[in-house]
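Fold and geometry: a report
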Amino acid sequence: MKQSWWARLVQLGLFSAWTCAWLVQGCGPGPGYGIRSRTRKLTPMHYKQFFPNFSENNLGASGRAEGKITRNSERFNELVCNYNPDIVFKDEENTNADRFMTKRCKDCLNRLAIAVMNQWPGVHLRVTEAWDEDGHHPPGSLHYEGRAVDITTDDRETEKYGLLAQLAVEAGFDWVHYESKYHIHCSVKADHSVAVEKGGCFPGWARVTVAGGGQKTLSSLVPGDRVMALSATGQVVFSPVLLFLHRDQETWSTFLSLETDDGHRLSLTPHHLVFLDPHCRVDSSKYQPQFASRARTRDCVLIHRAEGEIRPSRISSVSAEESAGVFAPLTDDGTLFVDGVLASSYALVEDHRLAHWAFGPLRLISSVNRLLWGEMRTEQQTPDRETARNKAPLRHSTLAANTSAQVSNSRREHLSGPLRVGLKEKLPLQGAGSPVHWYARLLYGIGSVVLDCDAFHP
(Lines give C-alpha, C1' and ligand atoms only; values in the text may rest on other atoms or scores of the structure.)
Protein backbone atom coordinates (compact mmCIF):
# COMPACT_ATOMS: atom_id res chain seq x y z
CA MET A 1 0.00 0.00 0.00
CA LYS A 2 2.81 2.32 0.92
CA GLN A 3 4.64 1.54 -2.30
CA SER A 4 1.48 2.21 -4.30
CA TRP A 5 1.10 5.63 -2.62
CA TRP A 6 4.66 6.56 -3.53
CA ALA A 7 4.11 5.39 -7.10
CA ARG A 8 1.08 7.65 -7.39
CA LEU A 9 3.05 10.58 -5.96
CA VAL A 10 5.86 10.09 -8.44
CA GLN A 11 3.34 9.82 -11.28
CA LEU A 12 1.64 13.05 -10.16
CA GLY A 13 4.99 14.83 -9.97
CA LEU A 14 5.97 13.71 -13.44
CA PHE A 15 2.60 14.72 -14.81
CA SER A 16 3.03 18.20 -13.30
CA ALA A 17 6.49 18.48 -14.86
CA TRP A 18 5.13 17.42 -18.23
CA THR A 19 2.31 19.97 -17.94
CA CYS A 20 4.84 22.73 -17.29
CA ALA A 21 6.95 21.55 -20.22
CA TRP A 22 3.88 21.50 -22.46
CA LEU A 23 3.08 25.07 -21.49
CA VAL A 24 6.68 26.12 -22.07
CA GLN A 25 6.52 24.64 -25.56
CA GLY A 26 3.56 26.91 -26.17
CA CYS A 27 5.56 29.98 -25.23
CA GLY A 28 7.34 30.23 -28.56
CA PRO A 29 6.36 32.68 -31.27
CA GLY A 30 2.63 32.67 -31.83
CA PRO A 31 -0.15 31.91 -29.36
CA GLY A 32 0.41 29.06 -26.91
CA TYR A 33 -1.54 25.84 -27.03
CA GLY A 34 -5.21 26.29 -26.24
CA ILE A 35 -5.03 30.08 -26.49
CA ARG A 36 -7.09 31.82 -29.11
CA SER A 37 -5.19 34.24 -31.27
CA ARG A 38 -5.94 37.79 -30.20
CA THR A 39 -5.30 41.12 -31.86
CA ARG A 40 -2.47 42.77 -29.98
CA LYS A 41 -2.75 46.47 -29.21
CA LEU A 42 0.09 48.33 -30.86
CA THR A 43 2.15 50.74 -28.78
CA PRO A 44 3.79 53.50 -30.84
CA MET A 45 7.55 53.79 -30.54
CA HIS A 46 9.00 56.93 -28.99
CA TYR A 47 11.17 59.43 -30.81
CA LYS A 48 14.81 58.17 -30.92
CA GLN A 49 13.76 54.72 -29.71
CA PHE A 50 15.14 51.68 -31.53
CA PHE A 51 14.27 48.01 -31.46
CA PRO A 52 15.79 45.60 -30.61
CA ASN A 53 17.80 47.37 -27.97
CA PHE A 54 21.16 46.73 -29.60
CA SER A 55 23.24 48.73 -32.02
CA GLU A 56 22.25 48.19 -35.65
CA ASN A 57 25.37 46.18 -36.47
CA ASN A 58 25.01 43.79 -33.54
CA LEU A 59 24.34 40.17 -34.51
CA GLY A 60 21.13 40.39 -32.49
CA ALA A 61 19.95 43.15 -34.83
CA SER A 62 20.85 43.53 -38.52
CA GLY A 63 24.44 42.38 -38.23
CA ARG A 64 27.69 43.67 -39.59
CA ALA A 65 28.08 45.64 -42.79
CA GLU A 66 29.62 43.60 -45.61
CA GLY A 67 30.80 46.32 -47.94
CA LYS A 68 29.41 48.78 -50.43
CA ILE A 69 27.55 47.50 -53.49
CA THR A 70 27.93 49.40 -56.75
CA ARG A 71 26.27 48.81 -60.10
CA ASN A 72 29.54 47.36 -61.39
CA SER A 73 30.11 44.94 -58.54
CA GLU A 74 29.16 41.26 -58.66
CA ARG A 75 27.01 41.66 -55.57
CA PHE A 76 24.73 44.06 -57.43
CA ASN A 77 23.01 40.95 -58.82
CA GLU A 78 21.94 40.14 -55.26
CA LEU A 79 19.66 43.17 -55.20
CA VAL A 80 16.08 43.00 -56.44
CA CYS A 81 13.85 45.76 -57.74
CA ASN A 82 10.64 46.48 -55.84
CA TYR A 83 7.78 47.46 -58.14
CA ASN A 84 5.03 47.19 -55.51
CA PRO A 85 2.29 49.65 -56.63
CA ASP A 86 1.19 50.07 -53.01
CA ILE A 87 4.49 51.74 -52.12
CA VAL A 88 5.44 55.28 -53.09
CA PHE A 89 9.14 55.60 -53.94
CA LYS A 90 10.58 59.08 -53.75
CA ASP A 91 13.43 58.34 -56.19
CA GLU A 92 14.70 61.91 -56.29
CA GLU A 93 17.73 60.75 -58.33
CA ASN A 94 15.44 59.39 -61.10
CA THR A 95 17.61 56.27 -61.30
CA ASN A 96 15.25 53.82 -59.54
CA ALA A 97 17.95 53.43 -56.88
CA ASP A 98 15.33 53.60 -54.13
CA ARG A 99 13.66 50.51 -55.59
CA PHE A 100 16.79 48.36 -55.28
CA MET A 101 17.13 46.32 -52.10
CA THR A 102 17.84 42.82 -50.85
CA LYS A 103 15.13 40.20 -51.08
CA ARG A 104 14.65 40.14 -47.32
CA CYS A 105 14.28 43.91 -47.24
CA LYS A 106 11.75 43.72 -50.08
CA ASP A 107 9.68 41.07 -48.31
CA CYS A 108 9.58 43.06 -45.07
CA LEU A 109 8.71 46.25 -46.95
CA ASN A 110 5.85 44.57 -48.82
CA ARG A 111 4.41 43.24 -45.57
CA LEU A 112 4.68 46.68 -44.04
CA ALA A 113 2.88 48.25 -47.01
CA ILE A 114 -0.09 45.98 -46.35
CA ALA A 115 -0.09 46.80 -42.64
CA VAL A 116 -0.06 50.54 -43.39
CA MET A 117 -3.08 50.28 -45.70
CA ASN A 118 -4.98 48.28 -43.11
CA GLN A 119 -4.07 50.63 -40.28
CA TRP A 120 -4.88 53.81 -42.21
CA PRO A 121 -7.22 53.18 -45.18
CA GLY A 122 -6.27 55.33 -48.14
CA VAL A 123 -2.71 55.88 -46.86
CA HIS A 124 0.32 54.27 -48.49
CA LEU A 125 3.86 53.53 -47.38
CA ARG A 126 6.50 55.91 -48.76
CA VAL A 127 10.20 55.12 -49.19
CA THR A 128 12.50 58.13 -49.15
CA GLU A 129 15.81 56.25 -49.25
CA ALA A 130 16.87 52.67 -49.91
CA TRP A 131 20.00 51.61 -51.77
CA ASP A 132 22.52 54.45 -51.88
CA GLU A 133 24.95 54.55 -54.79
CA ASP A 134 25.94 58.21 -54.36
CA GLY A 135 27.69 58.19 -50.97
CA HIS A 136 25.11 60.22 -49.05
CA HIS A 137 25.43 58.13 -45.88
CA PRO A 138 28.24 57.53 -43.37
CA PRO A 139 30.77 54.76 -44.08
CA GLY A 140 29.44 51.35 -43.12
CA SER A 141 25.81 52.30 -43.67
CA LEU A 142 23.56 49.41 -44.65
CA HIS A 143 22.00 51.70 -47.27
CA TYR A 144 25.07 50.95 -49.41
CA GLU A 145 24.08 47.26 -49.43
CA GLY A 146 20.34 47.69 -50.06
CA ARG A 147 19.64 46.42 -46.54
CA ALA A 148 18.18 49.64 -45.14
CA VAL A 149 15.25 51.92 -45.97
CA ASP A 150 13.99 55.23 -44.65
CA ILE A 151 10.20 55.37 -44.63
CA THR A 152 7.24 57.65 -44.01
CA THR A 153 3.57 57.58 -44.90
CA ASP A 154 2.61 59.27 -48.16
CA ASP A 155 0.44 61.81 -46.33
CA ARG A 156 3.55 62.80 -44.31
CA GLU A 157 1.58 63.15 -41.08
CA THR A 158 4.36 62.86 -38.53
CA GLU A 159 2.02 61.91 -35.69
CA LYS A 160 1.67 58.51 -37.39
CA TYR A 161 5.37 57.75 -37.42
CA GLY A 162 5.58 56.25 -33.93
CA LEU A 163 2.96 53.67 -34.88
CA LEU A 164 4.58 53.23 -38.30
CA ALA A 165 7.82 52.27 -36.54
CA GLN A 166 6.00 49.64 -34.49
CA LEU A 167 4.33 48.27 -37.61
CA ALA A 168 7.81 47.94 -39.14
CA VAL A 169 8.88 45.83 -36.18
CA GLU A 170 5.80 43.65 -36.69
CA ALA A 171 6.58 43.33 -40.40
CA GLY A 172 9.88 41.62 -39.61
CA PHE A 173 12.57 44.28 -39.99
CA ASP A 174 15.57 43.25 -37.92
CA TRP A 175 16.25 46.77 -36.62
CA VAL A 176 13.90 49.75 -36.50
CA HIS A 177 14.91 53.24 -35.34
CA TYR A 178 12.64 56.25 -34.91
CA GLU A 179 15.64 58.18 -36.13
CA SER A 180 14.16 61.49 -37.18
CA LYS A 181 10.91 63.34 -36.68
CA TYR A 182 10.55 63.11 -40.44
CA HIS A 183 11.28 59.42 -41.15
CA ILE A 184 11.77 55.95 -39.69
CA HIS A 185 14.95 53.98 -40.39
CA CYS A 186 14.65 50.20 -40.88
CA SER A 187 17.23 47.58 -41.78
CA VAL A 188 17.58 43.81 -42.21
CA LYS A 189 20.19 41.09 -41.96
CA ALA A 190 22.06 40.02 -45.08
CA ASP A 191 20.10 37.51 -47.17
CA HIS A 192 22.81 34.87 -46.86
CA SER A 193 23.38 35.54 -43.18
CA VAL A 194 23.05 32.51 -40.96
CA ALA A 195 20.92 34.64 -38.66
CA VAL A 196 18.16 34.99 -41.24
CA GLU A 197 16.12 31.94 -40.35
CA LYS A 198 18.79 29.67 -41.84
CA GLY A 199 19.84 27.16 -39.27
CA GLY A 200 22.42 24.65 -40.49
CA CYS A 201 20.70 21.96 -42.50
CA PHE A 202 20.84 19.02 -44.87
CA PRO A 203 18.91 18.68 -48.14
CA GLY A 204 15.61 16.83 -48.02
CA TRP A 205 16.86 14.04 -50.30
CA ALA A 206 19.74 13.11 -47.97
CA ARG A 207 19.26 9.71 -46.35
CA VAL A 208 19.63 8.32 -42.85
CA THR A 209 19.52 4.73 -41.62
CA VAL A 210 16.66 4.05 -39.21
CA ALA A 211 16.21 1.29 -36.62
CA GLY A 212 15.59 -1.98 -38.41
CA GLY A 213 18.16 -1.29 -41.12
CA GLY A 214 15.95 0.62 -43.53
CA GLN A 215 16.58 4.10 -44.88
CA LYS A 216 14.57 7.29 -45.01
CA THR A 217 15.06 10.63 -46.67
CA LEU A 218 15.20 13.54 -44.25
CA SER A 219 12.07 14.99 -45.83
CA SER A 220 10.12 11.88 -44.80
CA LEU A 221 11.64 11.60 -41.33
CA VAL A 222 9.35 12.36 -38.36
CA PRO A 223 9.99 12.92 -34.64
CA GLY A 224 10.19 9.56 -32.90
CA ASP A 225 12.07 7.82 -35.70
CA ARG A 226 15.35 6.33 -34.49
CA VAL A 227 18.30 7.12 -36.70
CA MET A 228 21.86 5.88 -36.71
CA ALA A 229 24.09 8.13 -34.60
CA LEU A 230 27.28 8.08 -32.55
CA SER A 231 26.97 8.32 -28.77
CA ALA A 232 29.29 10.30 -26.51
CA THR A 233 31.09 7.05 -25.68
CA GLY A 234 31.81 6.34 -29.34
CA GLN A 235 29.18 3.62 -29.80
CA VAL A 236 26.94 3.38 -32.85
CA VAL A 237 23.36 3.73 -31.59
CA PHE A 238 19.90 4.39 -32.91
CA SER A 239 19.02 7.76 -31.40
CA PRO A 240 15.43 9.11 -31.40
CA VAL A 241 14.68 12.23 -33.42
CA LEU A 242 13.26 14.70 -30.91
CA LEU A 243 12.23 17.48 -33.30
CA PHE A 244 13.39 19.49 -36.30
CA LEU A 245 15.44 22.62 -35.62
CA HIS A 246 14.72 23.67 -39.20
CA ARG A 247 12.23 22.11 -41.58
CA ASP A 248 11.30 23.79 -44.84
CA GLN A 249 10.57 21.80 -47.98
CA GLU A 250 10.26 24.86 -50.24
CA THR A 251 13.40 26.89 -49.56
CA TRP A 252 16.35 26.69 -51.95
CA SER A 253 19.74 26.81 -50.31
CA THR A 254 23.41 26.41 -51.12
CA PHE A 255 24.98 23.22 -49.80
CA LEU A 256 28.57 22.10 -49.65
CA SER A 257 29.10 18.63 -51.06
CA LEU A 258 31.93 16.69 -49.40
CA GLU A 259 32.89 13.65 -51.46
CA THR A 260 35.26 10.99 -50.12
CA ASP A 261 37.71 8.60 -51.72
CA ASP A 262 35.40 5.64 -51.19
CA GLY A 263 32.37 7.26 -52.80
CA HIS A 264 30.49 8.69 -49.82
CA ARG A 265 28.98 12.12 -50.27
CA LEU A 266 27.68 14.45 -47.56
CA SER A 267 25.72 17.60 -48.47
CA LEU A 268 25.14 20.23 -45.79
CA THR A 269 25.07 24.00 -45.36
CA PRO A 270 28.44 25.73 -44.79
CA HIS A 271 27.62 26.67 -41.18
CA HIS A 272 26.63 23.15 -40.09
CA LEU A 273 29.06 21.16 -37.94
CA VAL A 274 30.79 18.06 -39.29
CA PHE A 275 33.46 15.98 -37.53
CA LEU A 276 36.87 16.44 -39.20
CA ASP A 277 40.43 15.30 -38.62
CA PRO A 278 43.38 16.21 -40.89
CA HIS A 279 45.36 13.17 -39.65
CA CYS A 280 42.70 10.54 -40.47
CA ARG A 281 43.02 8.81 -37.10
CA VAL A 282 40.87 5.79 -36.32
CA ASP A 283 39.87 7.04 -32.85
CA SER A 284 36.55 8.88 -33.24
CA SER A 285 37.29 11.06 -30.19
CA LYS A 286 40.09 12.76 -32.18
CA TYR A 287 37.62 14.19 -34.69
CA GLN A 288 36.69 17.80 -34.00
CA PRO A 289 33.29 19.33 -34.84
CA GLN A 290 33.95 22.18 -37.28
CA PHE A 291 31.96 24.29 -39.70
CA ALA A 292 31.55 22.49 -43.00
CA SER A 293 33.01 25.56 -44.71
CA ARG A 294 36.36 24.67 -43.07
CA ALA A 295 36.48 21.24 -44.70
CA ARG A 296 39.35 20.80 -47.14
CA THR A 297 40.44 18.04 -49.44
CA ARG A 298 42.66 15.53 -47.61
CA ASP A 299 40.74 16.10 -44.34
CA CYS A 300 39.00 12.98 -43.07
CA VAL A 301 35.42 12.35 -41.99
CA LEU A 302 33.98 9.34 -40.18
CA ILE A 303 31.82 6.91 -42.13
CA HIS A 304 29.79 3.86 -41.15
CA ARG A 305 30.61 0.65 -42.99
CA ALA A 306 28.21 -2.16 -43.79
CA GLU A 307 30.01 -4.37 -41.28
CA GLY A 308 28.95 -2.01 -38.51
CA GLU A 309 32.33 -0.40 -37.89
CA ILE A 310 33.32 3.26 -37.98
CA ARG A 311 36.38 4.22 -39.98
CA PRO A 312 37.93 7.38 -41.47
CA SER A 313 37.47 8.36 -45.10
CA ARG A 314 39.47 11.10 -46.79
CA ILE A 315 37.70 14.00 -48.55
CA SER A 316 38.56 14.02 -52.23
CA SER A 317 36.57 17.08 -53.31
CA VAL A 318 34.53 19.94 -51.91
CA SER A 319 31.96 21.61 -54.14
CA ALA A 320 28.85 23.78 -53.87
CA GLU A 321 25.38 22.91 -55.13
CA GLU A 322 21.88 24.37 -55.01
CA SER A 323 18.98 22.25 -53.81
CA ALA A 324 15.43 22.67 -52.53
CA GLY A 325 14.42 21.70 -49.02
CA VAL A 326 16.33 22.24 -45.76
CA PHE A 327 16.05 19.84 -42.82
CA ALA A 328 17.87 19.76 -39.49
CA PRO A 329 16.75 16.91 -37.21
CA LEU A 330 17.79 17.06 -33.56
CA THR A 331 18.62 13.64 -32.14
CA ASP A 332 18.90 12.69 -28.49
CA ASP A 333 22.65 12.12 -28.92
CA GLY A 334 23.22 15.29 -30.94
CA THR A 335 24.76 13.40 -33.88
CA LEU A 336 23.58 11.40 -36.87
CA PHE A 337 24.97 9.62 -39.91
CA VAL A 338 23.73 11.33 -43.08
CA ASP A 339 24.41 9.35 -46.24
CA GLY A 340 26.78 7.30 -44.11
CA VAL A 341 28.89 10.26 -42.90
CA LEU A 342 28.91 11.41 -39.28
CA ALA A 343 27.64 14.95 -38.69
CA SER A 344 26.41 17.01 -35.76
CA SER A 345 22.80 18.05 -35.19
CA TYR A 346 24.02 21.59 -34.52
CA ALA A 347 25.17 24.61 -36.48
CA LEU A 348 25.95 28.33 -36.29
CA VAL A 349 28.29 28.06 -33.27
CA GLU A 350 31.48 26.00 -33.57
CA ASP A 351 31.09 24.30 -30.21
CA HIS A 352 29.23 20.97 -30.34
CA ARG A 353 29.38 20.40 -26.58
CA LEU A 354 28.04 23.86 -25.77
CA ALA A 355 25.20 23.42 -28.24
CA HIS A 356 24.35 19.96 -26.88
CA TRP A 357 24.28 21.37 -23.35
CA ALA A 358 22.12 24.32 -24.41
CA PHE A 359 19.53 21.98 -25.92
CA GLY A 360 19.39 19.94 -22.71
CA PRO A 361 15.98 21.34 -21.67
CA LEU A 362 14.41 20.10 -24.91
CA ARG A 363 15.87 16.65 -24.36
CA LEU A 364 14.50 16.68 -20.82
CA ILE A 365 11.04 17.63 -22.02
CA SER A 366 11.14 14.83 -24.58
CA SER A 367 12.31 12.30 -21.98
CA VAL A 368 9.46 13.20 -19.64
CA ASN A 369 6.97 12.94 -22.49
CA ARG A 370 8.26 9.49 -23.40
CA LEU A 371 8.25 8.39 -19.77
CA LEU A 372 4.63 9.39 -19.31
CA TRP A 373 3.15 8.56 -22.65
CA GLY A 374 5.45 5.86 -23.98
CA GLU A 375 7.31 6.01 -27.26
CA MET A 376 6.52 8.82 -29.66
CA ARG A 377 6.03 6.24 -32.41
CA THR A 378 4.85 2.67 -32.01
CA GLU A 379 5.42 1.26 -35.46
CA GLN A 380 8.76 -0.11 -34.30
CA GLN A 381 9.88 -0.50 -30.68
CA THR A 382 13.62 -0.64 -30.17
CA PRO A 383 15.74 0.35 -27.13
CA ASP A 384 17.07 3.92 -26.97
CA ARG A 385 20.67 2.82 -27.23
CA GLU A 386 20.36 -0.26 -29.44
CA THR A 387 23.63 -0.84 -31.24
CA ALA A 388 23.75 -1.12 -35.00
CA ARG A 389 26.40 -3.76 -35.63
CA ASN A 390 24.13 -6.44 -37.04
CA LYS A 391 21.88 -4.23 -39.14
CA ALA A 392 21.41 -4.35 -42.90
CA PRO A 393 24.08 -2.80 -45.15
CA LEU A 394 23.97 0.93 -45.68
CA ARG A 395 22.63 1.77 -49.11
CA HIS A 396 24.33 5.02 -50.00
CA SER A 397 22.63 7.29 -52.49
CA THR A 398 23.82 10.52 -53.99
CA LEU A 399 20.77 11.07 -56.18
CA ALA A 400 18.08 13.56 -55.23
CA ALA A 401 14.90 11.76 -54.30
CA ASN A 402 11.57 13.43 -55.02
CA THR A 403 9.33 13.23 -52.02
CA SER A 404 5.88 14.46 -51.18
CA ALA A 405 6.23 14.38 -47.42
CA GLN A 406 3.84 16.63 -45.64
CA VAL A 407 5.65 19.38 -43.78
CA SER A 408 4.06 20.44 -40.53
CA ASN A 409 3.03 24.07 -40.47
CA SER A 410 5.16 26.34 -38.34
CA ARG A 411 3.41 28.35 -35.69
CA ARG A 412 2.34 31.77 -36.90
CA GLU A 413 3.94 34.82 -35.41
CA HIS A 414 1.72 36.69 -32.97
CA LEU A 415 1.14 39.52 -35.42
CA SER A 416 -0.90 42.66 -35.00
CA GLY A 417 -4.31 42.92 -36.60
CA PRO A 418 -3.40 45.13 -39.60
CA LEU A 419 -0.44 43.00 -40.58
CA ARG A 420 -2.15 39.64 -40.08
CA VAL A 421 -5.23 40.66 -42.10
CA GLY A 422 -3.04 41.97 -44.91
CA LEU A 423 -1.01 38.80 -45.09
CA LYS A 424 -4.12 36.71 -45.45
CA GLU A 425 -5.69 38.91 -48.07
CA LYS A 426 -2.86 39.99 -50.34
CA LEU A 427 0.54 38.41 -49.86
CA PRO A 428 0.59 34.95 -48.31
CA LEU A 429 4.28 35.22 -47.57
CA GLN A 430 6.03 32.50 -45.63
CA GLY A 431 7.57 35.09 -43.35
CA ALA A 432 4.43 35.05 -41.23
CA GLY A 433 5.60 31.74 -39.75
CA SER A 434 9.09 30.46 -39.11
CA PRO A 435 10.44 27.08 -40.28
CA VAL A 436 13.11 27.36 -37.57
CA HIS A 437 12.20 25.97 -34.15
CA TRP A 438 11.44 28.71 -31.63
CA TYR A 439 13.91 27.33 -29.08
CA ALA A 440 16.74 27.46 -31.62
CA ARG A 441 15.90 31.08 -32.42
CA LEU A 442 15.73 31.87 -28.69
CA LEU A 443 19.19 30.39 -28.14
CA TYR A 444 20.56 32.32 -31.11
CA GLY A 445 19.15 35.56 -29.67
CA ILE A 446 20.75 34.86 -26.29
CA GLY A 447 24.02 33.82 -27.90
CA SER A 448 24.10 37.03 -29.94
CA VAL A 449 24.26 38.94 -26.66
CA VAL A 450 26.48 36.78 -24.44
CA LEU A 451 28.89 35.29 -26.99
CA ASP A 452 31.60 37.03 -28.96
CA CYS A 453 30.84 37.68 -32.62
CA ASP A 454 33.73 35.40 -33.59
CA ALA A 455 31.91 32.45 -32.01
CA PHE A 456 29.44 32.45 -34.90
CA HIS A 457 29.95 31.35 -38.45
CA PRO A 458 31.56 34.23 -40.38
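Heads up: the structure comes first, above all this text.
First things first, this report covers the structure right here in the doc. Just so it is clear, the model here is predicted, and its values are computed rather than measured.

1. Section: the overall build of the chain
For the chain, the count of helices and strands is 7 helices and 19 strands. Put simply, the chain has 458 residues, and 52% of those count as buried. In the chain, once contacts between residues fewer than 6 apart in sequence are set aside, the share between residues at least 24 apart is 67%. Of the roughly 21800 Å² that the chain leaves accessible, carbon and sulfur atoms contribute 53%.

2. A short note on the pattern of salt bridges
Applying the stated criterion to the full structure yields 15 salt bridges. For K216, the salt bridge is made with D225, and the minimal N-O distance between the two is 2.8 Å. With a relative accessible area of 4%, D225 lands in the buried category. R294 serves as the salt-bridge partner of E350, at 2.7 Å between the closest nitrogen and oxygen. Separated by 56 residues along the polypeptide, E350 in the loop between β19 (341–347) and α4 (352–358) and R294 in the loop between β15 (288–291) and β16 (300–304) bring together distant segments of the chain.

3. A short note on the nonpolar core
Counting residues in hydrophobic clusters, the biggest one holds 33 residues, and the most contacted among them are L109, L112, I151 and F173. Mapped onto this core, the elements with two or more residues apiece are β3 (87–89), α2 (103–119), β5 (125–129), β6 (148–153), α3 (161–170), β7 (175–180) and β8 (183–187). Here F173 is in contact with C105, C108, L109, L112, V149, A168, C186, S187 and V188, once residues within four sequence places are set aside.

4. Some remarks on the state of the cysteines
Taken as a whole and assessed by the stated rule, the structure comprises 1 disulfide. In this model, C280 is linked to C300 through a disulfide, with the two sulfur atoms separated by 1.6 Å. Between C280 and C300, the S-S torsion sits near 75°, and that sign places the bridge as right-handed. Of this pair, C280 sits in the loop between β14 (272–276) and β15 while C300 sits in strand β16; the two residues are 20 residues apart in sequence, bridging distant segments of the chain.

5. Considering the pairing of β19
Of all 7 residues that make up β19, 7 are buried, and the element is covered over most of its length. Direction of pairing for β14 relative to β19: antiparallel, over a ladder of 2 bridges. Paired with V274 across the strands is A343, a residue of β19. Where strand β18 (residues 335–338) lies against β19, 4 bridges are found, and the strand directions are antiparallel. Looking at β19, one finds that V338 is bridged to V341. Once β18 ends, the chain turns through 2 residues before running back antiparallel as β19, passing D339 with a positive phi of about 50°.

6. A word on the packing of aromatic side chains
We describe a pair of aromatic rings using the distance from one ring centre to the other and the angle between the two ring planes. The final tally for this structure, using the stated rule, is 7 aromatic pairs. Both rings, one in F76 and one in F100, keep their centres 5.3 Å apart while their planes meet at 45°; by these two values the pair is tilted. In this pair, F76 sits in the loop between β1 (50–51) and β2 (80–81) while F100 sits in strand β4 (residues 100–101), placing the two residues 24 residues apart along the sequence. Measuring from ring centre to ring centre gives 6.4 Å for F244 and F327, while their planes differ by 75°; the resulting arrangement is edge-to-face. Taken together, the residues span a long stretch of sequence, with F244 in strand β12 (residues 236–260) and F327 in strand β17 (residues 310–331) at a distance of 83 residues. Note on accessibility: F244 and F327 belong to one class, buried. Put simply, the rings of F76, F100 and W131 touch in pairs and so form one group of aromatic residues. Its guanidinium or amino end placed over the ring of Y47, K181 lies 5.5 Å from that ring's centre, counting from NZ or CZ. Directly above the aromatic system of F244 lies the positively charged group of R247, at a separation of 4.4 Å from the ring centroid.

7. Considerations on unusual backbone geometry
Following F51, the chain continues into P52 via a peptide bond in cis, with omega recorded as 0°. Within the secondary structure layout, P52 lies in the loop between β1 and β2. Of note, R156 is a non-glycine position whose phi angle comes to about 55°, a positive value. On the secondary structure map, R156 appears in the loop between β6 and α3. Residue R156 is classed as exposed on the basis of its relative accessible area, which comes to 54%. One non-glycine residue, D339, lies in positive phi territory at about 50°.

8. Considerations on the environment of E170
Structurally, the position occupied by E170 is in helix α3. When its relative accessible area of 11% is taken as the criterion, E170 is described as buried. Along the sequence, E170 and A115 sit 55 residues apart, while their C-alpha atoms lie 9.0 Å from each other.

9. Focus on α2
End to end, α2 covers 24 Å across 17 residues, agreeing with the expected 24 Å (1.5 Å per residue, within 8%). Among the residues making up α2, those that are buried are R104, C105, C108, L109, N110, R111, L112, A113, I114, A115 and V116.

10. Things to note about the environment of H46
Relative to the assigned elements, H46 resides in the loop between α1 (2–25) and β1. Judged by its relative accessible area of 58%, H46 is exposed. Measuring from C-alpha to C-alpha, the distance between H46 and L163 comes to 9.0 Å, with 117 residues separating the pair along the chain.

About the criteria used
- Residues numbered from 1 in each chain as written.
- Predicted model: local features only at pLDDT ≥ 70, side-chain atom pairs only at ≥ 80, totals over all residues.
- Heavy atoms only, no water.
- Helix = DSSP H or I, 4+ residues; strand = E, 2+ residues; numbered from the N terminus.
- Buried < 20%, exposed > 50% of the residue type's maximum accessible area, 1.4 Å probe, protein only.
- Contact = heavy atoms within 4.5 Å.
- Areas by Shrake-Rupley, 256 points an atom, 1.4 Å probe, with all protein chains shown as cover.
- Salt bridge = Lys/Arg side-chain N within 4 Å of Asp/Glu carboxyl O.
- Core = buried A, V, L, I, M, F, W, Y, C linked by side-chain atoms within 4.5 Å.
- Disulfide = S-S within 2.5 Å.
- Pairing = 2+ DSSP bridges.
- Phe/Tyr/Trp six-rings, centres within 6.5 Å; stacked < 30°, edge-to-face > 60°.
- Lys NZ or Arg CZ within 6 Å of the ring centre and 35° of its normal.
- Expected span 1.5 Å × (residues − 1).

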